[in-house]
Amino acid sequence: MRYREGGRLDTSHVQDRRRGGGLGGGRGLAVGGGGLGLVGVLVVVLFQVLGGGGSSAALGALAGLAEGETADNSALEQSCDETGDANDSVECAVVADIDSIQDYWSQALGAQYVPTDTIYFSGQVSTGCGGATSGSGPFYCPADQKVYIDLSFFDTLRSQFGAAGGAFPNAYVLAHEYGHHVQNLLGTNRQVDPRESGAASGSVRLELQADCYAGTWAHHAETVPDASGAPLIEEITQDDVDRALDTAGRIGDDFIQENLGGGTVDQDTFTHGSSEQRQRWFLTGYETGDPAQCDTFATDDLG
């Protein structure tokens, strides 16, 4: 995957909170980062899919921004100024990914799409859904409509999950979380009972749809223009796609349970879908480029 040289990155949709701060709390519960959970290291973060007045997050109050405090993006703005910086820096690549993903959804949904921010944090963070730690993996909080990520998670994907990794798989992770934002804007998440689990549950359908939405962005990523009129992403290779599929395969419920959990696969506890399902629905989005093909709630065949 290669980013365009010579343009300008827009860091306005990133809040850099990696310096820590005050205490959490909050309403509603977070939508998980696509099964990005490792037993003993990461926890699966499908707490709840509604952003209303639910109970506090089980993780309790953790450090984030103090009341009235704002994120300090000065260092990020300096290091991630030119689009080519994304070819050399993970934090800048994520900025470019966010810009591209939101440019795509703004084009695909028009006025229905409302851009939102991604929060960079380190260790722990306060959210509208309560407190969370980096062990939660990347996640989307419907209560404040923000995406949260500790960038060290990408290292965890390689070291703990054994994923091949790379810029495009990282972008897939971000695009999945913004898929949850799209679901929240469209009201899709309100079709799901967060207490339900199982291979054909609403929770699984929600996650597979977010994978498919990530694929539709990837289909258009080399052509969707930024504010300058040129695409931020110049090239996605077959190796990039293979690496994303490798990542999708390693964050399926069955892979996690068998390889990173107790060794026994229990489909009744699935909340994100099997490895095969996750790969299938990402490919559905990637091959068609059509969000309408991502209606996982209208099919009895999830794969």
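Model, not experiment: these values are computed from the prediction.

Enquirer: Hey, could you run me through the nonpolar core in this one?
Expert: For soluble globular proteins, the rule of thumb is that nonpolar side chains tend to be buried together. Counting 61 residues, the largest nonpolar core has F154, F168, L174 and W217 as the members making the most contacts within it. Listed by contribution, the elements that provide at least two residues to this core are helix 2 (90–109), strand 7 (146–149), helix 3 (153–159), helix 4 (167–186), helix 5 (202–220), helix 6 (238–250), helix 7 (253–260) and helix 8 (275–288). In terms of residues, this core owes the most to one element, helix 2, which gives ten residues. Judged by nonpolar contacts, the second largest core, of eight residues, contains F121, C129, F139 and C141.

Enquirer: What should I look at first to understand the packing of helix 2 against helix 5 in this one?
Expert: The description of two helices packed together rests on the angle between their axes and the distance between the axes. Relative orientation of the contacting elements helix 2 and helix 5 amounts to 95°, with a least axis distance of 10 Å. Judged by the angle between their axes, helix 2 and helix 5 are roughly perpendicular. Residues S100, I101, Y104 and W105 of helix 2 touch helix 5, and the partners they reach there are Y213, T216, W217 and H220. Of the residues contributing to the contact of helix 2 with helix 5, the split by class is five nonpolar, three polar and no charged.

Enquirer: Help me understand the pairing of strand 4 (residues 124–127), please; the structure alone is not making it clear to me.
Expert: One face of the sheet, then the other: side chains in a regular strand alternate in exactly this way. Here four bridges tie strand 4 to strand 5 (residues 130–133), and the two strands are oriented antiparallel to one another. Paired with S126 across the strands is G131, a residue of strand 5. Where strand 4 folds back onto strand 5 in an antiparallel hairpin, the turn is made up of two residues.

Enquirer: Please clarify how the packing of aromatic side chains should be interpreted in this entry.
Expert: Centre distance and the angle of the planes are the two values used to describe a pair of aromatic rings. For the coordinates displayed, the defined rule picks out seven aromatic pairs. Relative to W217, the ring of F168 lies with its centre 6.3 Å away and its plane at 25°, an arrangement referred to as stacked. With F168 in helix 4 and W217 in helix 5, this residue pair connects regions lying 49 residues apart in the sequence. In this structure, F168 and W217 share a single accessibility class: buried. Their ring planes at 70° and their centres at 5.3 Å tell us that Y172 and F282 sit as a pair that is edge-to-face. Remark: F282 occurs in helix 8 and Y172 occurs in helix 4; sequence separation between them is 110 residues. Under the relative-accessibility criterion, Y172 is labelled buried at 2%. Through pairs of rings, three or more aromatic residues link up here, namely F168, Y172, W217, F282 and Y286.

Enquirer: What should I look at first to understand unusual backbone geometry in this one?
Expert: Backbone phi values are negative for most residues with the exception of glycine, while trans is the configuration of most peptide bonds. Positive phi, close to 55°, is recorded for Q145, a residue that is not glycine. Positionally, Q145 belongs in the loop between strand 6 (139–141) and strand 7. Judged by relative accessible area, Q145 falls into the partly exposed class, the value being 30%.

Enquirer: Would you explain the packing of helix 2 against helix 4 in this entry?
Expert: As a packed pair, helix 2 and helix 4 sit with axes 10 Å apart at the nearest point and diverge in direction by 45°. With respect to helix 4, the axis of helix 2 lies oblique. For the element pair helix 2 and helix 4, the recorded crossing hand is right-handed. Mapping the contact onto sequence places V94, D97, I98, I101, Q102, W105 and L109 in helix 2 and A167, A171, L174, A175, Y178 and V182 in helix 4. Taken together, the residues of the contact of helix 2 with helix 4 break down into eleven nonpolar, one polar and one charged.

Enquirer: In this structure, what is going on with the sheet that holds strand 7? I would like to understand it.
Expert: Hydrogen bonds between backbone atoms are what pair the strands of a sheet, whose relative direction is either parallel or antiparallel. The strand order 2-3-7-6 describes an open sheet built from four strands, whose pairing is mixed. With partners counted over all chains shown, the strands left at the sheet margins are strand 2 (14–16) and strand 6, one partner each. Across the sheet, the mean angle separating the axes of adjacent strands is 25° when strand polarity is ignored. The strands that helix 2 touches are strand 2 and strand 3 (118–120); relative to strand 3, the one it contacts most, it runs at about 170°. Where helix 4 meets the sheet, its contacts fall on strand 3, strand 6 and strand 7, and the angle it forms with strand 6 comes to roughly 25°.

Enquirer: What's the story with the state of the cysteines in this structure? I'm lost.
Expert: Disulfide: a covalent bond connecting the sulfur atoms of a pair of cysteines. Counted by the stated rule, this structure contains three disulfides. For C129, the disulfide goes to C141, at an S-S distance of 2.1 Å. In this structure the cystine formed by C129 and C141 twists about its S-S bond by roughly 100°; its chirality is therefore right-handed. Linking C129 in the loop between strand 4 and strand 5 with C141 in strand 6, this pair joins segments that are twelve residues apart in sequence. Given a relative accessible area of 1%, C129 falls into the buried group. Through a disulfide, C212 is tied to C294; the S-S separation comes to 2.1 Å. Where C212 bonds to C294 through sulfur, the torsion about that S-S bond is close to -70°, and the disulfide is left-handed. Highlighted residues: C212 in helix 5 and C294 in the segment after helix 8, separated in sequence by 82 residues. Note on accessibility: C212 and C294 belong to one class, buried. For the protein chain, the bonded cysteines connect in the pattern 1-2, 3-4, 5-6 when numbered consecutively along the sequence.

Rules used in this analysis
Residues numbered from 1 in each chain as written. Predicted model: local features only at pLDDT ≥ 70, side-chain atom pairs only at ≥ 80, totals over all residues. Heavy atoms only, no water. Core = buried A, V, L, I, M, F, W, Y, C linked by side-chain atoms within 4.5 Å. Buried < 20%, exposed > 50% of the residue type's maximum accessible area, 1.4 Å probe, protein only. Helix = DSSP H or I, 4+ residues; strand = E, 2+ residues; numbered from the N terminus. Axes fitted to C-alpha atoms, helices over the stretch in contact; angles between N-to-C directions. Parallel < 35°, antiparallel > 145°, perpendicular 65-115°, else oblique. Contact = heavy atoms within 4.5 Å. Nonpolar A, V, L, I, M, F, W, Y, C, P; charged D, E, K, R; others polar. Pairing = 2+ DSSP bridges. Phe/Tyr/Trp six-rings, centres within 6.5 Å; stacked < 30°, edge-to-face > 60°. Left-handed = near helix turned anticlockwise from the far one by under 90°. Disulfide = S-S within 2.5 Å.

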